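Listed here are the chains, written in short residue letters.
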Amino acid sequence: MSSSYNRREFLALTASASLLQAAGGNPLIPLYGSDAGSPRPSSVQEPLHWVRQGIVAASNMEALSFVRRRGGELLDYAEQWRADLSDATVRTLLEQGVNLILITLHKGAGLKTEAEDIATAREFVKVAHRRGLRVGGYVGATIFYETLEAEEPQSKDWKQIDEFGHPLYYTPTQTFRYMACRNNPGYMDYIKRVLKVGVLDLQMDMIHFDQLMWWSAPASCHCQHCRRQFRDFLKDRYPAKLALARFGFENVELMDIPPFGSDSIRFAEVANPLIQEWAWFRAWSLAKRYQELSDYIHQLNPGTAVQGNPTMNLDNNVGFLYGVDYGQLLEGGDMVCSEEPNQPLWTDDGRLVSQIRTYKGARTMGKSLWVWQACPRGDKNFPIYAGAMELNISEALAYNDRNIGIVAGFDVLSNTVPGEVKPYIELFTKRSQDLVNTKTVADVAVLRSYASTSFNPAHSNVSTVLVEQSLIVDKIPFAIIFDRHLRNLSAYKVLVLADQDALSDSQLASIRDFVKAGGSVVATGRTSLLNEWRLTRPKFGLSDVLGVDQPAPDQEAGGPSRRTEVGAGRAVYIPRIEPAVEPPPAQVAYAFGNHYWHLPRNHEDLIASIRWAARDQLSAEVKAPRWVTIELAQQDGGLLLLHLVNYKPKETVQNIQAIIRPPAKFRVKEASLVTPEHISGQKLTLESGPGNVSMVIPSMRVYALITMSLEAI
Ligand SMILES: [Zn+2]
């Protein structure tokens, strides 16, 4: 089980850090647990080792009672639904390589109202387990008040309400669903009863929590529990003196959840300290409740996996809008879901659209990602073209930790995996031994600090998304990290701070330590000009490292300035990442969707700077068109793996040259090229260079894997 901090610890430590700041010392930073990013061990003694062995999923997750109440289903849906949860389905799925199916456990209408659905699920789990198919159960976070209030009268108090006392609905059309508040202890107790049914009675192998997020202001919860807990949060973090420095007066009990009126949020940057604290509170409390539910499930059965759906999407300001701080939230659970509209694609106007950011963010937190590979309803987010699903699965093979997502089904019934996908599932299964227990090998870390990207997304997140885009198409091995990871950067050669304007003194100290030890920093824009309260420093907090004191005026972009004598490391300051197309106007409710993902105008400068900062010693260098991406990984004490994905699946790519620099004191002994067309692999000829080895991949369609065995020198 991952480490967790308790609330007292969190508050005490952050408060003491803040007191130091008030005295001119270290500022407040959120305290994160220590070991996220270490994937769960895969030894067979570990109850959850099956998660890391690999997931190939199907879904039929909607309760019949819900579909009926929603309306709009097929006339014979009920018959189809019942027939589908059958032994025949189990056999069909297993034959196609599926090893887990997500079905309904509790949508929100009540255990009695959903009793028939639950009974059907119970029978299905038995049938599935008999044949070796694992089953997960869906748990929603809404209240179907018509029935639940009849079953559980106290549930009248469980709903989220806005500042005017109105209930918050799930969607405008689904008028029968209120959002439940996870900060309500009565609701949490009820959900634990539901979990007992799923884990102990039905023996489900996984629990899926949907709507793992808060609603965006003005639809944000102002229930009595949220209000009281927010005041406690403030009180614990801000003793009188510190409150005076933060808010201008000593008594934080005078404050309440900030009101937003009936309109949407209309500011570009979060400077108001109470609104900042409210955002932190939402992120912290969501992570806390998720951890509590995860721990409860693992106590009931250590072999039951936990999965949440915070609708991961790193181009959207989910930090502020939905209270999702990945660095906190993903400490809980075992897997995580994305439903972002970034299905992989090389567009006609030359943008590489991908879910690579999301995979990388989840992977840094030690979690694998569930994506929808199959969507028979023709969702507009799923572009239909030849090779689309092959590409989608290739992305998962390359970037995910043993999870190729949902390949069959949706909330309607379709248990057939498309033929073109079968070789990929076969590769995933047959090469399992080579693909388990791996970690990403990354030379570069890109930081996404919460106080920067969530409170000033139009600058911080735009710059970050663009630099990531440059790294992706230039095939530079990189990782995405969050605040908590600054404490240990030893795995990386270069830290990229793309307009990470708000960094605390203790974060700056970690960065200085990294540079002293030989790490390099590439910083852009207003990086480090503000502290984590977004108060402006007289000069850059990292001016000593960067050799620059102040940001240049916007119109004077200028070129990079490089420094070589910073501790043992190098530093580059780049005044601005220059978007090729004008980003959307600045606002906090910000999305920087893939429409904007053109390479920045100073792409070449950025890449040259990052390569220089890495002393031109990248672990992998691959010469291929921009629509080919790479991911480098290594097995614990085993193979080095280079994954390649071609985002133009209709065009075969030929003669790709790859140079690999293996870890110190090792050399590459043998390399083999594995593709869905040639799963058993073909040996590649190696040419040795100084500290490296080069090889040529003669040809690849959509996905290629080079497995390299290492030997000590
Ligand atoms: Zn609430």
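Refer to the structure above for everything that follows.
Predicted, not measured: the structure shown is a model, and the values here were computed from it. (Residues numbered from 1 in each chain as written. Predicted model: local features only at pLDDT ≥ 70, side-chain atom pairs only at ≥ 80, totals over all residues. Heavy atoms only, no water.)

1. Re the pairing of strand E14 (residues 444-448)
Okay, step 1: Here E14 lies mainly inside the structure; five of its five residues are buried.
Okay, step 2: Residues Val-444, Val-446 and Arg-448 point to one face of E14 and Ala-445 and Leu-447 to the other, with burial holding for every one of them.
Okay, step 3: In this sheet, strand E16 (residues 494-498) lies alongside E14 in parallel orientation, the contact comprising three bridges. Bridge pairing in E16 links Val-446 to Val-496. (Buried < 20%, exposed > 50% of the residue type's maximum accessible area, 1.4 Å probe, protein only. Helix = DSSP H or I, 4+ residues; strand = E, 2+ residues; numbered from the N terminus. Pairing = 2+ DSSP bridges.)

2. Description of the sheet that holds strand E11 (residues 368-370)
Okay, step 1: Taken together, eight strands build an open sheet; the order of strands is E11-E8-E7-E6-E3-E2-E1-E12 and the sheet is parallel. The open sheet is flanked by E11 and strand E12 (403-409), the only strands paired with a single partner. Here the average twist between neighbouring strands, direction ignored, is 30°.
Okay, step 2: Here strand E1 (residues 55-60) runs beside strand E2 (residues 100-106); their pairing, made up of four bridges, is parallel. In the strand pairing of E2, Ala-57 is matched with Leu-100.
Okay, step 3: Across the face of the sheet, helix H11 (residues 273-300) comes into contact with strand E6 (206-209), strand E7 (305-312) and strand E8 (335-338) while running at roughly 160° to E7.
Okay, step 4: Contacts from helix H16 (residues 422-430) reach E1 and E12 within the one sheet, and its direction differs from that of E12 by about 140°. (Axes fitted to C-alpha atoms, helices over the stretch in contact; angles between N-to-C directions. Contact = heavy atoms within 4.5 Å.)

3. Brief notes about the coordination of the zinc ion
Okay, step 1: Each protein donor to the zinc ion is listed here as Cys-181 (SG), Cys-221 (SG), Cys-223 (SG) and Cys-226 (SG); together their distances run 2.2 to 2.3 Å.
Okay, step 2: Considering all four donor atoms around the zinc ion, angles at the metal cover 100 to 117° and the coordination shape is tetrahedral.
Okay, step 3: Within one chain, the residues donating to the zinc ion are spaced in sequence as C-x39-C-x1-C-x2-C. In this structure, Cys-223 and Cys-226 share a single accessibility class: buried. (Donors = N, O, S within 2.8 Å, 3.2 Å for Na, K, Ca; no water. Tetrahedral: all angles 85-135°; square planar, octahedral: opposite > 155°, others 65-115°.)

4. Examining helix H22 (residues 603-613)
Okay, step 1: Taken together, the buried positions of H22 are occupied by His-603, Leu-606, Ile-607, Ser-609, Ile-610, Trp-612 and Ala-613.
Okay, step 2: Those residues of H22 hidden inside the fold are in contact with E14, helix H19 (457-473), E16, strand E17 (520-524), strand E18 (561-566) and strand E19 (569-574).
Okay, step 3: Note on H22: the residue one or two positions beyond its end, Arg-615, has a positive phi of about 55°.

5. Observations concerning the environment of Val-572
Okay, step 1: Secondary-structure assignment places Val-572 in strand E19.
Okay, step 2: Sequence separation between Val-572 and Thr-524 is 48 residues; the distance between their C-alpha atoms is 8.4 Å.
Okay, step 3: Every residue in contact with Val-572, bar those within four places of it in the chain, is listed here: Val-521, Val-522, Ala-523, Leu-546, Pro-560, Ser-561, Arg-562, Ser-609 and Trp-612.

6. Some details on the packing of aromatic side chains
Okay, step 1: Inspection of the entire model under this criterion finds 25 aromatic pairs.
Okay, step 2: Measuring from ring centre to ring centre gives 6.0 Å for Phe-66 and Phe-144, while their planes differ by 65°; the resulting arrangement is edge-to-face. With Phe-66 in helix H3 (residues 64-70) and Phe-144 in strand E4 (residues 142-144), this residue pair connects regions lying 78 residues apart in the sequence.
Okay, step 3: Residue Phe-66 is classed as buried on the basis of its relative accessible area of 2%.
Okay, step 4: Measuring from ring centre to ring centre gives 4.1 Å for Tyr-145 and Tyr-178, while their planes differ by 20°; the resulting arrangement is stacked. Taken together, the residues span a long stretch of sequence, with Tyr-145 in helix H7 (residues 145-151) and Tyr-178 in strand E5 (residues 177-179) at a distance of 33 residues. Taken individually, Tyr-145 and Tyr-178 each receive the classification buried, so the pair is uniform in this respect. (Phe/Tyr/Trp six-rings, centres within 6.5 Å; stacked < 30°, edge-to-face > 60°.)

7. Points about the side chain of His-643
Okay, step 1: As for its placement among the helices and strands, His-643 is situated in strand E22 (residues 640-646).
Okay, step 2: Side chain to side chain, His-643 and Tyr-703 meet in a polar contact 2.8 Å long.
Okay, step 3: With sequence-adjacent residues up to four places away left out, His-643 is seen in contact with Leu-397, Ala-398, Leu-435, Thr-629, Ile-630, Glu-631, Tyr-703, Ala-704 and Leu-705. (Polar contact = N/O pair within 3.5 Å; in protein donor to acceptor, adjacent residues only side chain to side chain.)

8. Concerning the sheet that holds E14
Okay, step 1: Spatial ordering of the open sheet is given by E15-E14-E16-E17-E19-E18, a layout of six strands whose pairing is mixed. Edge positions in the open sheet fall to strand E15 (478-482) and E18, since each of these has one partner strand only. Each neighbouring strand pair of the sheet contributes to a mean axis angle of 20°, computed without reference to strand direction.
Okay, step 2: Here five bridges tie E14 to E15, and the two strands are oriented parallel to one another. For Ala-445, the partnering residue across the bridge sits in E15 and is Ala-479.

9. Examining the environment of Glu-73
Okay, step 1: Along the polypeptide, Glu-73 turns up in the loop between H3 and helix H4 (77-84).
Okay, step 2: When its relative accessible area of 29% is taken as the criterion, Glu-73 is described as partly exposed.
Okay, step 3: In this structure Glu-73 touches Val-67 and Arg-68, once residues within four positions along its chain are discounted.

10. Describing the pattern of salt bridges
Okay, step 1: In the structure shown here, the tally under the stated rule is 38 salt bridges.
Okay, step 2: Across the pair Glu-292 and Lys-192 runs a salt bridge whose closest N-O atoms are separated by 3.0 Å. Here Glu-292 is found in helix H11, whereas its partner Lys-192 is found in helix H8 (residues 185-201), with 100 residues between them in sequence.
Okay, step 3: For Glu-292, a relative accessible area of 30% puts it in the partly exposed group.
Okay, step 4: Residue Asp-505 is joined to Arg-537 by a salt bridge in which the shortest nitrogen-to-oxygen separation is 2.8 Å. With Asp-505 in helix H20 (residues 505-516) and Arg-537 in the loop between E17 and helix H21 (543-546), this pair connects stretches of sequence that are 32 residues apart.
Okay, step 5: Residue classification places Asp-505 among the partly exposed positions, given a relative accessible area of 25%.
Okay, step 6: Where salt bridges share partners, they join Glu-269, Asp-501, Arg-526 and Arg-534 into one cluster. (Salt bridge = Lys/Arg side-chain N within 4 Å of Asp/Glu carboxyl O.)

Keep in mind these numbers describe shape, not what the thing actually does.
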